[in-house]
Protein chains: 2
Amino acid sequence: MSYPDLLSIPIALHIPASELTALPPASSSEPREPDDPTPIQELVSATLASRLYTYVCLPLTTPKWKDRWSRMCLQSPLGAGPSSGEDGQALGRDEQVEKEAEEWRLHPKFEREEVTVTRLEETYSLIGMVSAWLELDSPESGIRYDSELALRQELAYATYLDVRTVVLPPPRNRANVADYARAINAILNDSSFGSYMQLAVRIPVSEVEHRTGGSPSGLGPGKMLESPGMKSPQIVLSPEAEEGGLDSAWEMWDVIRTVCGYNSRLSIVLDLSPPFPLRPGAMDRWSAEPIRHIFLPATSFIPNAKGYPVLAKANQTFLKEVMQFLPIFILSKTQASLHNAGGSKGYAEYVRFLEKTSVPLQAMRTEGTLESFASTYMDRVQAPLQPLMDNLQSSTYAIFERDPVKYERYEEAVYQALLARGEQETVICVAGAGRGPLISRAYKAIQRVEGPKVTIYAIEKNPNALVTLQERNALEWGNAVTLFFGDMRSVELPEKVDILISELLGSFGDNELSPECLDGAQRFLKDDGISIPSFYTAHVAPLSSSKLYNEVLHQTIGDEKKNAETPYVVMFQATNVLSGEGGGVRGGCGTKVQECWSFEHPRRDLFVDARGLPFSNTHNTRSAHLTFHVPHSGVLHGLAGYFEAHLYGDVSLSIHPETKAQKSNNMLSWFPFYFPLKDPLYLPANAELDVHLWRMTSRQKVWYEWYAESFLPVPAQSPPPTFGFITPQSTGAPNTPRQGSTPVRPPRPSPMLDASPSAEGHAAFVDVLGRGELSRVKIGQTSLHNPGGRSSWIGL
Amino acid sequence: MSYPDLLSIPIALHIPASELTALPPASSSEPREPDDPTPIQELVSATLASRLYTYVCLPLTTPKWKDRWSRMCLQSPLGAGPSSGEDGQALGRDEQVEKEAEEWRLHPKFEREEVTVTRLEETYSLIGMVSAWLELDSPESGIRYDSELALRQELAYATYLDVRTVVLPPPRNRANVADYARAINAILNDSSFGSYMQLAVRIPVSEVEHRTGGSPSGLGPGKMLESPGMKSPQIVLSPEAEEGGLDSAWEMWDVIRTVCGYNSRLSIVLDLSPPFPLRPGAMDRWSAEPIRHIFLPATSFIPNAKGYPVLAKANQTFLKEVMQFLPIFILSKTQASLHNAGGSKGYAEYVRFLEKTSVPLQAMRTEGTLESFASTYMDRVQAPLQPLMDNLQSSTYAIFERDPVKYERYEEAVYQALLARGEQETVICVAGAGRGPLISRAYKAIQRVEGPKVTIYAIEKNPNALVTLQERNALEWGNAVTLFFGDMRSVELPEKVDILISELLGSFGDNELSPECLDGAQRFLKDDGISIPSFYTAHVAPLSSSKLYNEVLHQTIGDEKKNAETPYVVMFQATNVLSGEGGGVRGGCGTKVQECWSFEHPRRDLFVDARGLPFSNTHNTRSAHLTFHVPHSGVLHGLAGYFEAHLYGDVSLSIHPETKAQKSNNMLSWFPFYFPLKDPLYLPANAELDVHLWRMTSRQKVWYEWYAESFLPVPAQSPPPTFGFITPQSTGAPNTPRQGSTPVRPPRPSPMLDASPSAEGHAAFVDVLGRGELSRVKIGQTSLHNPGGRSSWIGL
């Protein structure tokens, strides 16, 4: 195998503690020269020399360290209050161990035999594993404290050795994961650990937690690290795992990264040791998370017919998908001879096979695909173009003119429109001609039709592009085109036209002010004239993406929060659409991607002034109130935006994920739109998300505002909530109709809402309707984004 | 009645449109000189001249305006998309009305007859009511748009007239209240409306919505404004009200103020026209909201035995409580002769009666009470003292020495301790003597006991206070006290002592580093010596308060978010504790106020060095994980903090709301602690709030970090969720125990969690245990506050 190319998936070999302990100790009495490689250095060199592996993944510490820590910290736990102190006395604690522990707490440090790596050179290709037996989320505060101290000691040593990536122990206890998270956040913000080390949290892929002992006081032998699937035939659930519910693994990760403020040095080692979940959609959420490593033990492989190690279908599918993010695969137990064929190399070779059959990875490597075209733009937020305000550069035009699909569609639309006109003479106007791609296509369509005479007018407001148009008119179009310089909302044409062609659409349809421009241009369209495009719609979907959240937050040094007050254009990669197909638990939710609003051209009902221009722009305001069903718990970071446009006849353009392949496959011109959120919004499984989006207009500008509220369906049933209120009218005040005994139907309540009625006073108690039905309670909201158009589209 | 004093409750008289239309129109043909008062001016003058009222509350517009707006905007609704345009054509719309509407949209303005007030002088004492028929939250976007335009027109006119307070129409439609909120926020951020006008949103007191017609198309006669209780004997619920549930009124307010970013110019007119809720706790939440006006129509009064208008008990209780915030009472329908006695003045006189019997208001007006002492500190956040780092000023000592309760309690504790020692000689040390209040009280206790010899040592690190101590020693204590200058952690005493007295407690107990100081001082305490205090505990409760949220956010010009990274000391007033008594829906929640941790002195199990000082400060770290039950929906803005301290015997100090009256009533020295949140956290009714609080220590400092997660109980029942996963071991890989058929107990799921299992692959389907039980799902979280001790207590 040749040296892997830059886009190849890096593979690391995990060398477990058992293999290291089999080595002669670095401190052995066997004579070595100071410059001789250590046994571990030799092992690492040999591993890398095979060219199968780019990295080696080692535990940082030896069992000796665990022995000392356990003796100090479990026999003399840090007292948390006077009661534990009393216990200590009652048990007759060992003063000497206590003193040793306190001295360690004051000056935490290793002995030479307690660490695996002792030399700088060994760390060149090293991924260091922190002691997996540390219980940063132990229910016992003393053990948490001493675990955190030990963690800091290990990371301080890793920092000293310049280890670039460390793997942290997996969080195990949902109830105390906030303690784990707080400890990690403290390290991320502590400059004494440098500012480069990646902290990779080991997260089991399935929500079922494996426990094979390892209780806080017993401190099991770190089986989690040693691939528990091998040694623990029974899956035993801790009570905490039950409490956390199905989503506990992801939920624990979410707490950690939220508490750590989405620190970009925090990532996931997705541990495929536990059973792989088959539930539909269960793995989707991981694509929106920073998975930098995949931990893949030999035990997760199954033998194929010939005995070679392979992975099950669902597992393959997931890994091929996730390979587009180029994670490091950490292979483990390759030496354990678990499979009859393939040997220890079989696992790495299988990863290379997956890599070659990964569709997204191969698409990125293939010239001419959207993935290849967009590969450098993946998850990079860009400010949308404002072509009405800014005159574009020639190079910008050039990029868009390269789109192989968009202009073909335009040509087809013009062709069909001309065919439909039959023997009539036709006047065409291209409004916003740019460097001429639409003129060129219209010209071709005219030639294909071979019909009666067609006149072409073209309007362009960019004086620089007009030079190109003049050139092309002379060289390509035989001066058949009459060019007009100016804004389509003020320029005058010699006659009314039959077909008005424009390409003013943005990623969200109307965001480059196509409605405003075409309203101003429709005055030179004949009464039965047509606009290409004739109709377009804007669509949104709720999106999760740690990557995009970080991109928006950290893109400039300015006010972080202001970065979230404007929409962006972005090629989505590490993202996950949170909504499911329609209905939801209560019914009534919309589909996965929903339409916000539409615009039609020409707009016949427009009220216009003497020049044919709209009186005001109020008719282009829009608002949308959409309800999404969120089947799996997740974190909302923003809204994905898309458009569909109908050009003419059966010709459309679309970047809508569900229709783009059918309507305009491989079109490159538009990346999706992205409305970011200032603060992430947590959504539990089966939540309903109400999204409010407004298109606002004033005399000078156009802008969007957005806002969301989250709800959770709850059953409306027993205990029947009732409630009472004073009805003063029933006490006989003059001139007031009596109503005290009128049965009153209250709002439909749910047991999640306030219960316990009060029986006092003039109260009417009311029984409850609708038992057994589902109601919903509000659970959260975002702030209003971009109020008043801090970020807006100017040029009206 | 004399002119009301500054603390008196202002009363406004509401003059409804019906009374105004009875006036001769300002534009009537009756001859008037330009300087003559208008009929409205005369009415206002007469009303204020009665001295009953400080303000007059008037509608800003006349029915003529409503007529024109309705004609324009309901007959020619602003089209939202092409379909409405087609409808318009189909209906044969009136081009003239359409043109009028479009011209109005371009240049919104009033005719003279459409407004009630035309002169600047009329606005002196005026509260202006915006047209209540405007439907800013109509389900129809065109009506919303034109309502917003009309609202802006009315507020622009109010701005022109310099009206300082306007009352906005009540939100009516939960589904579209975000539209209402967005419109108000745009006005608050638009400098063309000035920067002083208060926008008061009319919110009905009870969650039952009154609908008496007023559908969007029908536009009822604004009965909401005219006190619907009078005219609508039947309470009719709109479907939206049902949807929103019991809490819809407050929930709509919450959406509005959140969307408006807690703008301080936004407040509530609490409308007492609807039935008054009796549900326990239903009114508590309003004490945490900016209620600046109470709308109280005569219809809400009941007649007493003599026929005078009075209010029902629950109503009285609420109003007496809310009076401490000095809201303006707006009385309405006082002329309608609804009661047999008292006349039109009877209502205002009853408000004055309530005022005189309002316990919190009278307490604020009575010299010597805590309320009077604290009246200028209410809801003002202050940085806690750091007496270990800073030397206090003499005036600061003086304030605390004025406490009538605290030092009496200390004297009693010393007295009891001396009595308990019987005939033994005693050595007392006052550690941190300040200006001597504890010495003084110890001296008195010694004299009361009249026992054997007592030696008094006193340690003080503030060299300036030491001068005062020397003076008092000479003048008051007959030089009986031996004074030592220095830090109690380093000073040396000539002998060990029997009683160590200190007053190092902060509002949260340990926050002024009492544990660290006393750990350093306990080395000169005899083995059987006692510390006064001997024990103290810190307590928290979840708190809601718009006022405190705004205080913290806007207290400095610096980074708003950083203000929320430090705890404060604050006298709570406009606050509401969100937690209920223990248990909760699922059981297992703690009480309303919960203990975080405790400290005991002396700490006998401390591991100390040769000098008797602790080896490290790790034993003073603490962490708390508390679960609160939140019975009613609300918004969490922070945590209230309190302490209790046991001095000696049966003598304690407490600012815990449930024990302070019993343990140390009227103690002034400590206001509660407040841990703010950067961003408010919405909590639905019956939520569970998990609060994490840490007391962190390093060698140089001590600090707190805090974090919270919210959960909602959901029933764990049908449809039974099951799930499957691949168990590759079951396929016969060598050396792997078979486990495919092992029954596996999954985490206990709920119907709110992911359902729909997948049946494919090597999957084990598992039935669900615990049906009918309650589980909980996470619904939200805060960020981690003060990580790494950005704000800390320094001086170790």
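Read on for an overview of the structure. Owing to the predicted nature of the structure, the values given are computational and were not obtained by experimental measurement. (Residues numbered from 1 in each chain as written. Chains lettered and ligands numbered in written order. Predicted model: local features only at pLDDT ≥ 70, side-chain atom pairs only at ≥ 80, totals over all residues. Heavy atoms only, no water.)

1. Some points on the pattern of salt bridges
Stage number 1. Scanning all chains against the criterion turns up 80 salt bridges over all chains.
Stage number 2. As a salt-bridge pair, A:Glu709 and B:Arg174 come within 2.5 Å of each other at their nearest N and O atoms. Of this pair, A:Glu709 sits in strand β25 (residues 701–716) while B:Arg174 sits in the loop between β4 (165–168) and α7 (177–188), each in a different chain.
Stage number 3. Exposure remark for A:Glu709: the relative accessible area of 2% places this residue in the buried category.
Stage number 4. The partner of B:Glu709 in a salt bridge is B:Lys778, and the shortest N-O contact between them spans 3.0 Å. On the criterion of sequence distance, the pair formed by B:Glu709 in strand β25 (residues 701–716) and B:Lys778 in strand β26 (residues 773–781) is long-range, its members being 69 residues apart. Per residue, the accessibility class of B:Glu709 equals that of B:Lys778, and both read buried.
Stage number 5. A single network of salt bridges, built from pairs that share partners, joins A:Arg174, A:Glu251, A:Asp254, A:Arg257, A:Glu289, B:Glu709 and B:Lys778. (Salt bridge = Lys/Arg side-chain N within 4 Å of Asp/Glu carboxyl O. Helix = DSSP H or I, 4+ residues; strand = E, 2+ residues; numbered from the N terminus. Buried < 20%, exposed > 50% of the residue type's maximum accessible area, 1.4 Å probe, protein only.)

2. Focus on the sheet that holds strand β2 (residues 55–59) of chain B
Residues and elements named next belong to chain B.
Stage number 1. The eight strands are arranged β1-β2-β3-β4-β5-β6-β7-β10 in a closed barrel whose pairing can be described as parallel. For this sheet, the mean inter-axis angle between neighbouring strands, taken without regard to orientation, is 25°.
Stage number 2. In terms of strand pairing, strand β1 (residues 11–14) meets β2 through three bridges, oriented parallel. Across the sheet, Leu 13 pairs through a bridge with Val 56, a residue of β2. (Pairing = 2+ DSSP bridges. Axes fitted to C-alpha atoms, helices over the stretch in contact; angles between N-to-C directions.)

3. What to know about unusual backbone geometry
Stage number 1. Cis rather than trans, the peptide bond between A:Ile532 and A:Pro533 has omega equal to 5°.
Stage number 2. Within the secondary structure layout, A:Pro533 lies in the loop between β15 (525–532) and β16 (535–544).
Stage number 3. In this chain, A:His601 is followed by A:Pro602 through a cis amide linkage whose omega measures -10°.
Stage number 4. For A:Pro602, the location among the structural elements is in the loop between β19 (594–600) and β20 (622–630).
Stage number 5. Residue B:Leu326 is not a glycine yet carries a positive backbone phi of 50°.
Stage number 6. Mapped onto the elements of the fold, B:Leu326 is located in the loop between α11 (313–322) and β10 (328–332).
Stage number 7. You will see that B:Asn666, though not glycine, has its phi angle at about 65°, which is positive.

4. Concerning the packing of helix α3 (residues 63–75) of chain B against helix α5 (residues 95–106) of chain B
Residues and elements named next belong to chain B.
Stage number 1. Axis separation between α3 and α5 bottoms out at 8 Å; the angle between their running directions is 110°. Of the possible angle classes, the one that applies to α3 and α5 is roughly perpendicular. Counted together, Trp 65, Arg 68, Trp 69, Arg 71, Met 72, Cys 73 and Gln 75 of α3 and Val 97, Glu 100, Ala 101 and Trp 104 of α5 form the full contact between these two elements.
Stage number 2. Here the contact of α3 with α5 is composed, by residue class, of seven nonpolar, one polar and three charged. (Parallel < 35°, antiparallel > 145°, perpendicular 65-115°, else oblique. Contact = heavy atoms within 4.5 Å. Nonpolar A, V, L, I, M, F, W, Y, C, P; charged D, E, K, R; others polar.)

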